[in-house]
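Per-entry structural report
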Amino acid sequence: MSDLLKQVEADATSAELIIEDTNNTSTRRILKQVMASDIFHFQGRNDDDTSAGAAGEIMCFDMSNGYVGIGTAGPNAKLEIIDSVDGDAPVLQLTNENNANDTGDTVAIRMSADSRQLNSASIRVGKDEDYSASTNYSAFMSFHTTKDNGSGERMRILSNGNVGIGTSNPTYALQIK
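Note that the coordinates shown come from a computational prediction; the quantities given were computed from them, not determined experimentally.

Here we look at the overall build of the protein
What the protein contains, in helices and strands, is zero helices and 13 strands. In the protein, the order of α-helices and β-strands from amino to carboxyl end is β-β-β-β-β-β-β-β-β-β-β-β-β. When contacts within the protein are restricted to residue pairs at least 6 apart in sequence, long-range pairs at least 24 apart make up 10% of them.

Right, dumping it as structure tokens:
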């Protein structure tokens, strides 16, 4: 049986809220929020390790500038994500969960230089094939920009590596329309 322990500690410079999950054999820290100046840190500990530095930085909010950090105590941008691994470090996953067996589904990152035009440019990832069989898992990446209020695909990279500029179905390694 687990019990939830809550503890609040405060002094003149900071306040801590500690939530721990305790079972019969161990205590696991779930959340520790430290408030100092305008920065709120959320730290967690995966096990009973009470050594110095055992609590890892999970997320921090800097209220003075609106910055959010994941994996860092001092974000340098509106959103900064840091991970430390050897090799490939997948720090952000965007998924369209529609799961239809067609080629119409995409996921996109949209960018705008001005709040009056919210879709100035985008990078989209979509299905090359219908995904009805596990052997059909092939995807493309396309780049879109806006000209005179009209968004259009400007470049596409197919799953076979072919790149098309001005065409969405390049048949050569590089095809320019």
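Structure shown, so let's carry the discussion forward.
Considering the side chain of glutamate 80
Here glutamate 80 is to be found in strand E7 (residues 79-81). For the buried glutamate 80, no salt bridge exists, and the shortest N-O distance to an oppositely charged side chain is 13 Å, to lysine 78. A polar contact is formed between the side chain of glutamate 80 and the backbone nitrogen of asparagine 76, at a distance of 2.6 Å. Beyond its immediate chain neighbours, meaning those up to four positions away, glutamate 80 contacts Val68, Gly69, Ile70, Thr72, Gly74 and Pro75.

Observations concerning the pairing of strand E11 (residues 150-157)
Pairing analysis gives seven bridges linking strand E10 (residues 139-147) to E11, with the strands arranged antiparallel. In the sheet register, threonine 145 faces E11, and the bridge partner there is glycine 152. Between E10 and E11, which pair antiparallel in sequence order, lie two residues; one of them, aspartate 148, sits at a positive phi of approximately 50 degrees. As judged from the three bridges shared by E11 and strand E12 (residues 163-165), these two strands associate in the antiparallel manner. Within E12, the residue paired with methionine 155 across the bridge is isoleucine 165.

A closer look at the sheet that holds strand E13 (residues 174-176)
Taking strand neighbours across the sheet as the criterion, the six strands line up as E8-E9-E10-E11-E12-E13 in an open arrangement whose pairing is mixed. One side of each edge strand has no neighbouring strand; the edge strands of this open sheet are strand E8 (106-111) and E13. Shown here is a sheet whose adjacent strand axes are inclined to one another by a mean of 20 degrees, direction ignored. Direction of pairing for E12 relative to E13: parallel, over a ladder of three bridges. Within E13, the residue paired with valine 163 across the bridge is leucine 174.

Some details on the pattern of salt bridges
With the rule as written, the count across this model stands at two salt bridges. For aspartate 105, the salt bridge identified is with lysine 127, shortest N-O distance 3.1 Å. Separated by 22 residues along the polypeptide, aspartate 105 in the loop between E7 and E8 and lysine 127 in strand E9 (residues 121-127) bring together distant segments of the chain. By the burial criterion, aspartate 105 is buried, and lysine 127 matches it. Residue arginine 156 is joined to glutamate 153 by a salt bridge in which the shortest nitrogen-to-oxygen separation is 2.8 Å. The partly exposed category is assigned to glutamate 153, whose relative accessible area is 25%.

About the cut-offs
- Residues numbered from 1 in each chain as written.
- Predicted model: local features only at pLDDT ≥ 70, side-chain atom pairs only at ≥ 80, totals over all residues.
- Heavy atoms only, no water.
- Helix = DSSP H or I, 4+ residues; strand = E, 2+ residues; numbered from the N terminus.
- Contact = heavy atoms within 4.5 Å.
- Buried < 20%, exposed > 50% of the residue type's maximum accessible area, 1.4 Å probe, protein only.
- Lys, Arg positive; Asp, Glu negative; His and termini not counted.
- Salt bridge = Lys/Arg side-chain N within 4 Å of Asp/Glu carboxyl O.
- Polar contact = N/O pair within 3.5 Å; in protein donor to acceptor, adjacent residues only side chain to side chain.
- Pairing = 2+ DSSP bridges.
- Axes fitted to C-alpha atoms, helices over the stretch in contact; angles between N-to-C directions.

Without other data, these values stay purely geometric and don't point to any function.
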